[in-house]
Amino acid sequence: MIKVSPGTEPSAKLVKKIIKKFQMEELPRLQKLEQYYQVKNDILGRQLSSEKPNNRIAHGFAKYITNMATGFFMGEGLRIDTEDTEYKKELEEALGDHANETNFEVTKEMSKKGISFELLYMNEHSEIRSRYFKAEDFIPVYSTSVSEFLEFAIRVWQETDLLTGKTISCAAVYTRTEIITYRQKLDKKYEEVGRELHKFPDVPVMIYWNNEEVKGDYEDVLTKIDAYDKAQSDTANDFEYFTNAYLVIAGAAGGLEKVGEYEDEEGRKAAKTLRQERILFVDEKGQAQWLVKQVNDTAVENFKNRIYDDIFFLSLVPALTDESFAGNLTGVAIRYKLIGLEQLAAIKEYKFLPAYKKKLRLITKMINLKKNRNYDASTVKVYFDRNMTDNLKELAEIAALLEGIISKETQLSLLPFIKDKQEELQRVLADRLKKMDYDNLGNLDPDKVANYVTGG
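Residues numbered from 1 in each chain as written. Predicted model: local features only at pLDDT ≥ 70, side-chain atom pairs only at ≥ 80, totals over all residues. Heavy atoms only, no water.

### Structural notes on the overall build of the protein chain
Short version of the rule: Strands here are runs of E lasting at least two residues and helices are runs of H or I lasting at least four, both read from the DSSP assignment and numbered beginning at the N terminus. Think of it in three bands: with a 1.4 Å probe and only protein chains considered, a residue is buried below 20% of the maximum accessible area for its type, exposed above 50%, and partly exposed in between. In this description, contact between two residues means that some pair of their heavy atoms is separated by no more than 4.5 Å. To be clear on the numbers: accessible area is Shrake-Rupley with a 1.4 Å probe, and residue cover counts the displayed protein chains and nothing else.
Looking only at helices and strands, the protein chain has 15 helices and 14 strands in total. In the protein chain, buried positions account for 36% of the 456 residues. Taking the intrachain contacts of the protein chain between residues at least 6 apart in sequence as the baseline, contacts between residues at least 24 apart amount to 67%. Put simply, the protein chain shows about 27,300 Å² of open surface, and 52% of that area lies on carbon and sulfur atoms.

Following this line, the structure appears as C-alpha cells:
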C-alpha cells in the first residue's frame, strides 16, 4: 500500500516514483496471478534434458477457484432498494443496464488479484457512466493519517503510434476535484499535459478489496498448484519412460561394450542404435527383461490426492466432483458442504460494500446536483443473493409453516426465486382484489382491505 502525507499534491516527479515503485514491487505479483488464471502455470516453462521425456501439464485450479467463488458470490447480481420509488428509478437508470455485469467482472478481478477498480465519469451527454479496471490499471495512493483515506488514484496505460511504432507511457491522476494527465517524454520523465474538473464530490474511483490482506482467492495455494502440476507431469514422464523402456538381453555381448569403448564414428553409431532400438546386450547368463524404473504407485497417488484435497480445503472452494455431492441432499446438507464458500463470500461482501456505497453516494450527489433533488444515499439498502442450488420444496414448506407468524414480506424473502418482494405483494393484491365483490368495493373500509390483502 502506497501512502503519502495528507494534502500531498501530485507532481510529475512524484507520479514517476509511485509508478516505478508499483512496477517493481506489485506488478510482477499481479502478472503471475493473471498468468495462473490463464492456466499458463510455471510448469510450462520447465526444461529437462532433450534426451528425456518432458511432459508439462498445467491444471486450471486458479480459474476454477475464481470462477466458483465469483459465481457463488455475484452470479445472481445484487439488488438495491429504497422506500422512495422515484429515487430508486433514478439510481437504476444511472447504474445502467449492465450494472450486474460490471459487478461480476469487478468481483472476478478481486478474486484473481485481491483488488479491482471502478471509475465513475461523465460521458459526452453529461450522463453518469462507470467502467471497471483491472488491478494493473490503477495505483491507489492513501493518506498516512489514521483514517487512511484515499488521497488520489493513478491510472496508467500505454499508447502506441501506429505510424512510428513508438510506445508512450501515460498516466491520469484522479484527485478529489480534478483529473491531471501526464505523458512520458523521451528522457523517461513525465510531464503534465492537461487538467480538467471531474465534477464529482470525491475521488471518482472505487477500490474493491477481496479481503483485508488484499490477496487473491488462489494466491495462497500457488505452491500447491505447482506441486500438483509437477507430480502429474512426472507421472506422465514415468509412463513415457515405461513406453520407451530398454530390453536387456543377457548372454549376447557386443552392444554395451561398443558404447563404452569407442569414441569414434563407430562408437557414436552404436550409441545412436542404442537410443533408437532400445536394446542392451550384456555378457551374463542368458535372459531377457525390460529395464524400467520401479515406482511406488500407491505412494505417488496418495501424495497427489493429498495435494488435491489441500488446494480445495485451503481455498475454501469445494470440489464439486466429490462423490459426497449427491443429488438428493437437503438444503441444510448442501449449505453445510458449502460452508467454506459461504464464509469466503461473507468476507467478500463486507469488503465490497463500502466501495459500492461510495459509488451510490457519488451518483446520488450528482443526481441531486443535476435535478435539484435531495435524495439520501444512506437510505439505500443493498442485497446480495447467493447463486446456489436450493431445495425449493423444503423452503416452500418452511414458508408455509410460518403463515400467520411472520409477515408476508418475510415469508417471500425465504423463496430465492422471488427477486422483488414488493412487486410480488402487488401481484398478490391484484389477485385478491379480483376475487372481491367489485360492486361493494367502494363501501369497504380501506384498512380492512389492506388487512385482507396482507392476510391480516
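Picking up after the structure, the text goes on.
### Notes on the pairing of strand 2 (residues 78-81)
Here is the rule we go by: For two strands to pair, DSSP has to find at least two bridges joining them.
Here strand 2 shows a clear split, with L78 and I80 buried on one side and none of R79 and D81 buried on the other. With four bridges joining them, strand 2 and strand 14 (residues 381-384) adopt antiparallel strand pairing. Across the sheet, the residue bridging to D81 is K381, located in strand 14.

### Structural notes on helix 11 (residues 339-371)
Heads up, the rule is: Here the expected span of a helix is defined as 1.5 Å times the quantity of residues minus one. Note that bend, as reported per residue, equals the angle between axes fitted to the 7 residues terminating at that residue and the 7 residues originating from it.
Here helix 11 spans 46 Å end to end across 33 residues, near enough to the 48 Å set by a 1.5 Å rise per residue. Maximum bend of helix 11: about 30 degrees, positioned at L353, with proline P354 one to four residues after it. N372 lies just past helix 11 and shows a positive phi near 55 degrees.

### Focus on the packing of aromatic side chains
What counts here: Two aromatic rings from Phe, Tyr or Trp, using only the six-membered ring of Trp, form a pair when their centres are within 6.5 Å; if the ring planes differ by under 30 degrees the pair is stacked, by over 60 it is edge-to-face, and anything between is tilted. For a Lys NZ or an Arg CZ to count as sitting over a ring, it must be within 6 Å of the ring centre and within 35 degrees of the ring normal.
Under the definition given, this model contains 16 aromatic pairs. Between the aromatic rings of F61 and Y308, the centroid separation amounts to 5.9 Å while the plane-to-plane angle is 65 degrees, which identifies the pairing as edge-to-face. In this pair, F61 sits in helix 3 (residues 61-74) while Y308 sits in helix 9 (residues 297-315), placing the two residues 247 residues apart along the sequence. Taking the relative accessible area as the measure of exposure, Y308 reaches 24% and is therefore partly exposed. Among the aromatic side chains, those forming a connected cluster through ring pairs are F61, Y64, Y228, Y308 and F312. Here K63 stacks its cationic end above the ring of Y37, 5.3 Å away from the centre of that ring.

### Topic: the environment of E76
In this fold, E76 is placed in the loop between helix 3 and strand 2. When the C-alpha atoms of E76 and F104 are compared, they prove to be 9.1 Å apart, with 28 residues separating the residues in sequence.

### Digging into the layout of surface pockets
Let me state the cut-off plainly: The pocket and cavity definitions rest on a 1 Å grid over protein atoms only: a 1.4 Å probe that fits but cannot leave marks a cavity, an open set with protein on both sides within 12 Å along at least five of seven lines marks a pocket, and residues lining either have an atom within 4 Å of a point. Grid points are joined across faces, edges and corners, and a volume is the space filled by probe spheres set on the points.
Of the voids in this model, the largest pocket is the one considered here, and its volume is about 640 Å³. Lining of the largest pocket is provided by 25 residues; of these, R79, I80, D81, K88 and E92 occupy positions nearest its centre. Breaking the lining of the largest pocket down by element, the ones donating at least two residues are strand 2, helix 4 (85-95), helix 5 (99-113), strand 14 and helix 14 (421-435).

### A short note on the packing of helix 5 against helix 11
Where we set the bar: A fitted line through C-alpha atoms serves as each axis, taken over the contacting stretch for helices, and the angle formed by two N-to-C directions is quoted from 0 to 180°. Under this scheme an angle from 65 to 115 degrees is roughly perpendicular, one under 35 degrees roughly parallel, and one over 145 degrees roughly antiparallel; angles in between are oblique. Helix crossings get a hand from a simple test, with the near helix turned counterclockwise from the far one by less than a right angle marking a left-handed crossing and a clockwise turn marking a right-handed one.
In contact at an axis separation of 12 Å, helix 5 and helix 11 are set at 135 degrees when each is read in the N-to-C sense. In terms of orientation, helix 5 lies oblique with respect to helix 11. Both helix 5 and helix 11 take part in a crossing whose hand is right-handed. Residues N103, V106, T107, M110 and S111 of helix 5 touch helix 11, and the partners they reach there are K348, F352, Y356 and K359.

### Details of the pattern of salt bridges
Which entries qualify depends on this criterion: By definition here, a salt bridge exists when the distance from a side-chain nitrogen of Lys or Arg to a carboxyl oxygen of Asp or Glu is within 4 Å.
Under the counting rule described, the total for this entry stands at 29 salt bridges. Measuring nitrogen to oxygen at the nearest pair gives 3.1 Å for the salt bridge that ties E25 to K21. Placement of both E25 and K21 in helix 1 (residues 12-25) is noted, with a separation of four residues, approximately one turn of the helix. Given the relative accessible area of 36%, K21 is considered partly exposed.

### Focus: the sheet that holds strand 9 (residues 190-197)
Two pairing modes exist for strands in a sheet, parallel and antiparallel, and in both the strands are linked by backbone hydrogen bonds. Reading across the sheet, the six strands line up as 1-5-6-7-8-9 and stay open at both edges, with mixed pairing between neighbours. Both edges of this open sheet fall to strand 1 (2-4) and strand 9, since each of them pairs with a single strand only. In this sheet, neighbouring strand axes are inclined to one another by 25 degrees on average, regardless of whether the strands run parallel or antiparallel. In this sheet, strand 8 (residues 178-184) lies alongside strand 7 (residues 167-174) in antiparallel orientation, the contact comprising five bridges. Across the sheet, the residue bridging to Y174 is I179, located in strand 8.

### Describing helix 4
Where we set the bar: Note: the arc covers the axis-to-C-beta directions of the helix. Residues adjacent in sequence count toward polar contacts only when both atoms are side-chain atoms; beyond that, a polar contact is any pair of N or O atoms within 3.5 Å, and within protein one must be able to donate a hydrogen and the other to accept it.
Of the residues making up helix 4, those classed as buried are Y87, K88, E90, L91, A94 and L95. The buried residues of helix 4 occupy an angular sector of 160 degrees when the element is viewed end-on, so they sit on one face. Among the exposed residues of helix 4, those oriented more than 90 degrees off its buried face are T85, K89 and E93. If you follow the buried residues of helix 4, they end up packed against strand 2, helix 5, strand 4 (128-133) and helix 11. Measuring from the backbone nitrogen of E86 back to the side-chain oxygen at the start of helix 4 gives 3.1 Å, which picks out D84 as the cap. Among the residues trailing helix 4, G96 stands out with phi positive, at a value near 90 degrees.

### With respect to the nonpolar core
Condition: Buried Ala, Val, Leu, Ile, Met, Phe, Trp, Tyr and Cys residues that are joined via side-chain atoms within 4.5 Å together make up what is termed a nonpolar core.
Among the nonpolar cores identified, the biggest contains 54 residues, and I80, Y218, F352 and Y356 are the most heavily contacted of them. Here this core gets 11 residues from one element, more than from any other, and that element is helix 11. Look past the residues within four positions of Y356 in its chain and what remains in contact with it is L78, I80, L95, N103, Y208 and V382. Membership of the second largest hydrophobic core comes to 34 residues, among which are V4, V15, F117 and V173.

### Concerning the side chain of E178
You can see E178 is positioned in strand 8. For E178, a relative accessible area of 16% gives the class buried. Reaching out from E178, the side chain makes a polar contact with the side chain of R195 at a distance of 2.7 Å.

### Thoughts on the confidence of the model for the protein chain
For clarity, the threshold we go by: Confidence of the predictor at the level of single residues is captured by pLDDT, which takes values from 0 to 100.
Of all residues in the protein chain, 78% have pLDDT values of 70 or greater, and the mean over the chain is 83. Counting interchain partners and residues more than four positions distant, the pLDDT-below-50 stretch residues 255-262 has 13 contacts.

### A closer look at a positive patch on the surface
This is how the line gets drawn: Patch criteria: residues need more than 30% relative accessible area and no salt bridge. Like-charged residues are merged within 9 Å; nonpolar side chains of Val, Leu, Ile, Met, Phe, Trp and Tyr are merged within 5 Å. Counting rule for charge: Lys and Arg are taken as positive, Asp and Glu as negative, and neither His nor the chain ends is counted. Note on charges: their place is set at NZ of Lys, CZ of Arg, CG of Asp or CD of Glu.
A surface patch of like charges, here positive, comprises K13, K16, K17, K20, K185 and K189. Considering the arrangement of structural elements, one finds K16 in helix 1.

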